[in-house]
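Read off the chains here:
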Amino acid sequence: MLDSAIQQVLKPVLSRMARGLVRAGIGADALTFIGFAIGMAAAVSIALQQFTAGLVLLLLSRLMDGLDGAVARLTQPTDRGGFLDITLDFLFYAAIPLAFAVADPAQNALPAAVLLASFIGTASSFLAFAIVAAQRGITSTALPDKSFYFLGGLTEATETIAAFVAMCLWPQWFAPIAWGFAALCAITTALRIGWGCQRLK
């Protein structure tokens, strides 16, 4: 819901940082892998109940995720880069709830499982529409710089990261945050299915 607005705000900052990375010879794919590695380190920290370290690493990982696209746009975007970006992003999104489940299985396992199940709905509706949109030549006007069609909803990347940040800040409230966000993901999935059916008649 907020991705387009947030990206417009961050774009000038990320572009300046990206120009320095390009001059240093650091490519977009390298940033994607670095961001993923940092994200996995965040998950390990959370699993070990080092929530402050997990939060810092999580935010640094998402900075890398923003920079890889900015660097790609300054150089040469590739299909491989788009594929790596979305695949590793989804693995990161799955790792964080799993890490909270490992940190406190008795309290967190069930809400983490429900949240992960809700991510399946948002991810599958997102990717299924992107596949058909590519076949039909449909492009996104809200996020035209992306490798493929980004279908919106209540729970996009910005909202997901906000939920993860809240979980790290208040780990004792992981369960209610996870239940609430899972409900929003379910609404997003339903909206995407309805919108997709209308759009693809």
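What counts, and at which threshold
- Residues numbered from 1 in each chain as written.
- Predicted model: local features only at pLDDT ≥ 70, side-chain atom pairs only at ≥ 80, totals over all residues.
- Heavy atoms only, no water.
- Helix = DSSP H or I, 4+ residues; strand = E, 2+ residues; numbered from the N terminus.
- Buried < 20%, exposed > 50% of the residue type's maximum accessible area, 1.4 Å probe, protein only.
- Contact = heavy atoms within 4.5 Å.
- Areas by Shrake-Rupley, 256 points an atom, 1.4 Å probe, with all protein chains shown as cover.
- 1 Å grid on protein atoms, 1.4 Å probe; cavity = no way out; pocket = protein on both sides within 12 Å on 5 of 7 lines; lining within 4 Å.
- Points joined across faces, edges and corners; volume = space filled by probe spheres on them.
- Nonpolar A, V, L, I, M, F, W, Y, C, P; charged D, E, K, R; others polar.
- Expected span 1.5 Å × (residues − 1).
- Salt bridge = Lys/Arg side-chain N within 4 Å of Asp/Glu carboxyl O.
- Axes fitted to C-alpha atoms, helices over the stretch in contact; angles between N-to-C directions.
- Parallel < 35°, antiparallel > 145°, perpendicular 65-115°, else oblique.
- pLDDT = per-residue confidence, 0-100.
- Left-handed = near helix turned anticlockwise from the far one by under 90°.

Visitor: Looking at this model, I keep getting lost on the overall build of the chain. Mind explaining?
Guide: From N to C terminus, the chain includes seven helices and zero strands. Taking all 201 residues of the chain together, the buried fraction comes to 42%. A separation of at least 24 residues holds for 80% of the contacts in the chain among residues at least 6 apart in sequence. Of the roughly 10400 Å² of accessible surface on the chain, a fraction of 69% belongs to carbon and sulfur atoms.

Visitor: Any chance you could explain empty space enclosed by the protein here in plain terms?
Guide: Rolled over the atoms, a probe as big as a water molecule pinpoints where empty space is left. Considering all chains together, one arrives at one cavity of 30 Å³ or more under this definition. The computed volume of the largest cavity comes to approximately 50 Å³. Taken together, Leu-31, Thr-32, Gly-35, Phe-36, Arg-62, Asp-65, Asp-68, Asp-85, Leu-88, Asp-89 and Phe-92 make up the lining of the largest cavity. Of all the secondary structure elements, the ones that give two or more residues to the lining of the largest cavity are α2 (28-47), α3 (51-74) and α4 (79-103). Residues that form the lining of the largest cavity fall into these classes: four nonpolar, two polar and five charged.

Visitor: Looking at this structure, I do not really get helix α6 (residues 157-169). What am I missing?
Guide: An α-helical turn contains 3.6 residues, so any two residues separated by three or four positions project in the same direction. Taking 1.5 Å as the rise per residue, α6 with 13 residues should run 18 Å; its terminal C-alpha atoms sit 18 Å apart, in good agreement. Residues of α6 that are buried: Glu-159, Thr-160, Ile-161, Ala-163, Phe-164, Val-165, Ala-166, Met-167 and Cys-168.

Visitor: Where do I start with the pattern of salt bridges in this structure?
Guide: When the charged atoms of two side chains with opposite charge come close together, those side chains can pair. On inspection of all chains with the given rule, the structure shows three salt bridges. Residues Asp-29 and Arg-80 are paired through a salt bridge, measuring 2.7 Å at the closest nitrogen-oxygen approach. Of this pair, Asp-29 sits in helix α2 while Arg-80 sits in helix α4; the two residues are 51 residues apart in sequence, bridging distant segments of the chain. Here Asp-89 makes a salt bridge to Arg-62, at a shortest N to O gap of 3.1 Å. Here Asp-89, found in helix α4, pairs with Arg-62, found in helix α3; they are 27 residues apart in sequence, far enough to count as distant. Given a relative accessible area of 8%, Asp-89 falls into the buried group.

Visitor: I tried to follow the packing of α3 against α4 on my own but got confused; where do I start?
Guide: Interaxial distance between α3 and α4 falls to 12 Å at its minimum, and their mutual angle equals 170°. With respect to their mutual orientation, α3 and α4 come out roughly antiparallel. Counting all contacts with α3, which are made through Phe-51, Leu-58, Ser-61, Arg-62, Asp-65 and Asp-68, the residues of α4 involved are Asp-85, Asp-89, Phe-92, Tyr-93, Ile-96, Phe-100 and Ala-103. Grouping the amino acids of the contact of α3 with α4 by side-chain chemistry returns seven nonpolar, one polar and five charged.

Visitor: I keep staring at the environment of Ala-113 and nothing clicks. Help me out?
Guide: In this fold, Ala-113 is placed in helix α5 (residues 105-136). Between the alpha carbons of Ala-113 and Trp-179 there is a distance of 9.9 Å; along the sequence they are 66 residues apart.

Visitor: Please clarify how the confidence of the model for the chain should be interpreted in this entry.
Guide: Keep in mind that low pLDDT regions are not for reading the predicted coordinates in detail. Overall, the predicted model of the chain reaches an average pLDDT of 89, with 90% of residues at or above 70. Across the chain, the secondary-structure element scoring lowest on mean pLDDT is helix α1 (residues 3-23), at 80, and the one scoring highest is α2, at 97.

Visitor: Which parts of the structure should I look at to understand the packing of α3 against α6?
Guide: A pair of packed helices is captured by two measures, namely the crossing angle of their axes and the spacing between those axes. One can describe the packing of α3 onto α6 by two numbers: an axis separation of 8 Å at closest approach and a directional angle of 160°. Classified by the angle their axes make, α3 and α6 are roughly antiparallel. Considering how the two elements wind past one another, α3 and α6 form a crossing that is left-handed. For the pair formed by α3 and α6, the contact residues are Phe-51, Gly-54, Leu-55, Leu-58, Leu-59 and Arg-62 on the first element and Ile-161, Phe-164, Val-165, Cys-168 and Leu-169 on the second. Each residue belonging to the contact of α3 with α6 can be placed in one class, and the counts come to nine nonpolar, one polar and one charged.

Visitor: Please clarify how the environment of Arg-80 should be interpreted in this entry.
Guide: Residue class for Arg-80 comes out exposed when judged on its relative accessible area of 57%. Along the sequence, Arg-80 and Asp-29 sit 51 residues apart, while their C-alpha atoms lie 8.5 Å from each other.

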